[in-house]
Amino acid sequence: GLDQTLVGVDVDWLVGECASRVVTYDVEQDLFVETPLATPLALDRVLLLSLGPQEQQLHRQLDQVFGARCRNPWVEAQKLDNKINTISAWHRLGLAVPEQHSYPVNASTIKPILRDASEWVLKPVASSLGQGVSLVPAVASPEHVAELLRSCWRYGDGVLESRRDGISWRDADGAQHSLALRLHVVSDDEGVEVESGYATVGIDTHTPATKLHGGHTMGLPQALEGLSRRGGDQLHVDGAALLADLRQTAIAAASVFSGIDLVGVDLVLDLVDQSPVAVLLEANPRPAGLIHSRRLSDQMPGVSTKLWSSRRAVQESVV
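Residues numbered from 1 in each chain as written. Predicted model: local features only at pLDDT ≥ 70, side-chain atom pairs only at ≥ 80, totals over all residues. Heavy atoms only, no water.

Thoughts on the overall build of the chain
Looking only at helices and strands, one finds eight helices and 16 strands in the chain. In terms of overall dimensions, the chain is globule-like: its C-alpha atoms have a radius of gyration of 20 Å, near the 20 Å expected for 319 residues. Along the longest, intermediate and shortest principal axes, the C-alpha atoms of the chain span 60 × 45 × 35 Å. Expressed as a percentage of the 319 residues in the chain, the buried residues total 45%. Across the chain, the fraction of contacts at a sequence separation of at least 24, relative to all contacts at a separation of at least 6, is 62%. Roughly 15800 Å² of accessible area belongs to the chain as shown, and the carbon and sulfur atoms make up 51% of that amount. (Helix = DSSP H or I, 4+ residues; strand = E, 2+ residues; numbered from the N terminus. Rg over C-alpha atoms; globule rule 2.2 N^0.38 Å. Buried < 20%, exposed > 50% of the residue type's maximum accessible area, 1.4 Å probe, protein only. Contact = heavy atoms within 4.5 Å. Areas by Shrake-Rupley, 256 points an atom, 1.4 Å probe, with all protein chains shown as cover.)

Below, the structure written as structure tokens:
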């Protein structure tokens with residue numbers, strides 16, 4: 001029912017601001033079709049997604065090519081790429097976030113990690129997709145921490161965050177797994193909405209909940225039906241109420257950053273006074289993993305209807 005044609009374009013298929021090859025969707029045959037074009041196609045609006053290891057550099061370059069046609073402009077998106085600044089902004093807003101310590105490349109001290117029996121998460125400040133992320137156990141030797149830091153620093157400066165996933169996911173056999181939640185927040189002139197998302201579970205509770213580390217995805221309702229205290233008993237929660245709280249938290253998180261039409265907000269669940277609390281981790285202005293996304297309305301595959309039907313999605317002519 002859209003007036004415009006949606007196409008998928010790989011970065012390597014661009015010739016200037018036009019596409020020499022596209023992926024389209026054939027509704028009647030329910031097929032994605034990849035085809036070369038005799039005449040390169042001018043693009044009216046562009047949304048940059050999952051640009052790979054050099055995503056920030058590519059985003060900056062493509063933003064210069066497409067200018068106002070770029071829906072998540074670089075000047076705004078770059079603010080979300082720094083995990084320290086993002087967490088600080090959410091903390092000022094009063095949202096639940098982990099404690100942080102900065103670890104620039106070749107930092108000379110690791111004392112904050114070893115000062116007590118707390119658990120930590122070590123990650124690069126500006127990387128994504130789970131690259132360089134590791135869980136630091138409560139009792140870690142200096143040698144082990146140094147090794148984790150070296151791995152993290154391959155992707156730039158590091159940041160240490162207190163581990164706040166006090167709630168895990170329990171499978172049918174009773175085994176527990178780390179759990180991370182992704183919600184997609186869509187913004188337009190009429191407001192902000194969460195239309196979709198998914199959950200990722202790790203291979204166990206000692207491994208980050210990312211696909212890169214062997215995790216797998218599932219729908220949010222399924223994930224919220226199998227919650228447990230990490231290392232403890234199963235939890236019985238009102239899944240609908242908890243999902244409503246997650247949506248409101250994600251919307252509040254996205255409200256900090258103006259001009260971003262689509263952002264993937266990552267959260268974990270913690271126990272505070274025996275109640276589940278959504279804890280914000282990071283936000284991605286170029287969300288990857290959209291193929292795993294499910295609409296919250298019916299759990300069918302999808303990301304957003306609003307994203308493509310708002311006035312912001314349409315531009316009458318190519319500048």
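Points about the sheet that holds strand β13 (residues 227-229)
Strand order across the open sheet formed by three strands is β9-β8-β13, with antiparallel pairing between neighbours. Whereas interior strands pair on both sides, the edge strands pair on one side only; in this sheet they are β9 (176-177) and β13. Pairing of strand β8 (residues 167-170) with β9 involves two bridges; the strand directions are antiparallel. Residue pairing across strands places W169 opposite H177, the latter belonging to β9. (Pairing = 2+ DSSP bridges.)

Observations regarding the packing of helix α1 (residues 55-66) against helix α2 (residues 74-81)
Packing of α1 against α2 brings their axes to within 10 Å, and their N-to-C directions diverge by 170 degrees. By the angle between their axes, α1 is roughly antiparallel relative to α2. In this structure, α1 crosses over α2, and the sense of that crossing is left-handed. Residues Q56, H59, R60 and D63 of α1 lie in contact with α2, whose contacting residues are W74, A77 and D81. Here the residues of the contact of α1 with α2 are counted per class, giving two nonpolar, two polar and three charged. (Axes fitted to C-alpha atoms, helices over the stretch in contact; angles between N-to-C directions. Parallel < 35°, antiparallel > 145°, perpendicular 65-115°, else oblique. Left-handed = near helix turned anticlockwise from the far one by under 90°. Nonpolar A, V, L, I, M, F, W, Y, C, P; charged D, E, K, R; others polar.)

Quick look at the packing of aromatic side chains
Taken as a whole and assessed by the stated rule, the structure comprises two aromatic pairs. Residues Y25 and F32 carry aromatic rings whose centres are separated by 5.3 Å and whose planes lie at 50 degrees to one another, so their mutual orientation is tilted. Pairing W90 with F257 gives two aromatic rings, centres 6.4 Å apart and planes at 75 degrees, and the pair type is edge-to-face. With a gap of 167 residues between them, W90 in helix α3 (residues 83-92) and F257 in the loop between α7 (239-254) and β14 (262-272) connect regions that are remote in the sequence. Note on W90: relative accessible area 0%, which makes it buried. F257 gets classed as buried once you look at its relative accessible area, which sits at 12%. A cation over an aromatic ring shows up here: R21 above the ring of W13, its NZ or CZ 5.9 Å from the ring centre. (Phe/Tyr/Trp six-rings, centres within 6.5 Å; stacked < 30°, edge-to-face > 60°. Lys NZ or Arg CZ within 6 Å of the ring centre and 35° of its normal.)

Quick look at the sheet that holds strand β1 (residues 14-15)
Read from one edge of the open sheet, three strands run β1-β2-β3, paired in antiparallel fashion. Each of the sheet's edge strands pairs with one partner strand only, and the pair in question is β1 and β3 (31-42). Two elements, strand β2 (residues 18-26) and β3, share eight bridges in a ladder whose sense is antiparallel. For C18, the partnering residue across the bridge sits in β3 and is A42.

A short note on the environment of A89
Topologically, A89 is positioned in helix α3. For A89, a relative accessible area of 11% gives the class buried. Spatially, the C-alpha atom of A89 lies 30 Å from that of M218, the residues being 129 residues apart in sequence.

A word on the side chain of S134
Examined against the element boundaries, S134 turns out to sit in strand β6 (residues 134-136). For S134, the contacting residues outside a window of four places in its chain are W120, V121, L122, L148 and P208.

Remarks on empty space enclosed by the protein
All told, the structure shown has three cavities of 30 Å³ or more when counted by the stated rule. Of the pockets and cavities examined, the largest cavity occupies roughly 80 Å³. The wall of the largest cavity is formed by 13 residues, among which D81, K83, S127, S128 and A283 lie closest to the centre. If you list the elements that add at least two residues to the lining of the largest cavity, you get α1, α2 and β15 (275-284). Here the lining of the largest cavity gets three residues from one element, more than from any other, and that element is β15. Of the residues in the lining of the largest cavity, the class split is four nonpolar, four polar and five charged. (1 Å grid on protein atoms, 1.4 Å probe; cavity = no way out; pocket = protein on both sides within 12 Å on 5 of 7 lines; lining within 4 Å. Points joined across faces, edges and corners; volume = space filled by probe spheres on them.)

Notes on the layout of surface pockets
By volume, the second largest pocket is sized at about 790 Å³. Around the second largest pocket, the lining is made up of 39 residues, and of these G130, A180, A209, T210 and D266 lie nearest the centre. Taken together, the elements giving at least two residues each to the lining of the second largest pocket come down to β5 (120-124), β7 (158-162), β10 (179-188), β11 (191-201), β14 and β15. The biggest single contributor to the lining of the second largest pocket is β10, with four residues. The residue makeup of the lining of the second largest pocket, split by class, is 17 nonpolar, twelve polar and ten charged.

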